[in-house]
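# Chains, contacts and geometry: an overview
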Amino acid sequence: MTDKADFLLRDARPDDRIHLLLWDTPDETELVRIAFDNNAERVNYRKNLLQRIHPGENFLTLHHNLDLELDAIKSMCYGVNKQIVLLEGLDCLITYLQVTSGSHITLFWKQLEETRKLEKLLWILLPQQLAPKNWSSERIKRIPSG
């Protein structure tokens, strides 16, 4: 792992928009340290999704309800006492959107990139291969593997 100064997430600008933390092999100990050093709350999209699924539903149709998923991502910033939200587990939604037909993933990334006025600074932890190709490099931080 490199110098801690490389992982100052709180200095990201603009601070009301979503940023990406690209890390192929996140280490739990390092995630805890980064969250502590940056006063960040770790939040898990997968757990949130499981809480929102109704027991009677037989199929997930997330691609038909992108607005609901975007609202869920935004809502994970509400009520958090820390300055930063580090969102983990969004790779399941991105992978799902990549394999469904149509341009759902393109629409999702466009809407996510245009999201503004978040209550907290939001960083999404993702593997590098799932990152969008056209996001501003100013809103992306890469953590090298190894």
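Before reading further, recall that the structure is shown in the block above.
Conventions and cut-offs
- Residues numbered from 1 in each chain as written.
- Predicted model: local features only at pLDDT ≥ 70, side-chain atom pairs only at ≥ 80, totals over all residues.
- Heavy atoms only, no water.
- Helix = DSSP H or I, 4+ residues; strand = E, 2+ residues; numbered from the N terminus.
- Polar contact = N/O pair within 3.5 Å; in protein donor to acceptor, adjacent residues only side chain to side chain.
- Pairing = 2+ DSSP bridges.
- Axes fitted to C-alpha atoms, helices over the stretch in contact; angles between N-to-C directions.
- Contact = heavy atoms within 4.5 Å.
- Phe/Tyr/Trp six-rings, centres within 6.5 Å; stacked < 30°, edge-to-face > 60°.
- Buried < 20%, exposed > 50% of the residue type's maximum accessible area, 1.4 Å probe, protein only.
- Core = buried A, V, L, I, M, F, W, Y, C linked by side-chain atoms within 4.5 Å.

We now examine the environment of E28. Tracing the chain through its elements places E28 in helix α1 (residues 28-37). Side-chain polar atoms of E28 contact the side chain of R42, separated by 2.8 Å.

Right, let's get into the sheet that holds strand β2 (residues 40-44). Here we have five strands laid out as an open sheet, ordered β2-β3-β4-β1-β5, and parallel in their pairing. A single partner strand is all that each edge strand has here, and the edge strands are β2 and β5 (140-142). Each neighbouring strand pair of the sheet contributes to a mean axis angle of 25 degrees, computed without reference to strand direction. Across the sheet, helix α2 (residues 45-52) lies against β2 and β3 (84-88), angled at about 50 degrees from β2, the strand it touches most.

As a further point, take the packing of aromatic side chains. The final tally for this structure, using the stated rule, is two aromatic pairs. An angle of 80 degrees between the planes, with centres 5.8 Å apart, marks the rings of W109 and W135 as edge-to-face. Placement of the pair is W109 in helix α5 (residues 104-114) and W135 in the loop between β4 (121-126) and β5, with a sequence separation of 26 residues. Of the two residues examined, W109 and W135, each falls in the buried class. Members of the aromatic cluster, connected to one another through ring pairs, are F108, W109 and W135.

In this section: the pairing of β4. Most of β4 sits out of view: six of its six residues are buried. Residues L121, W123 and L125 of β4 are buried on one face, and the alternating residues L122, I124 and L126, pointing to the opposite face, are buried as well. Pairing between strand β1 (residues 18-22) and β4: five bridges, direction parallel. Among the inter-strand pairings, I18 is bridged to a residue of β4, identified as L122. One ladder, built from four bridges, connects β3 with β4; its direction is parallel. Of the residues in β4, the one forming a bridge with L87 is I124.

Core analysis: the largest hydrophobic core is formed by 32 residues, its most contacted members being L90, F108, W109, L112, L122 and I124. Look past the residues within four positions of L112 in its chain and what remains in contact with it is I18, L70, I73, I124, W135 and R139. The next biggest cluster of nonpolar side chains, apart from the first, holds 15 residues, and it includes F7, L9, L31 and A35.

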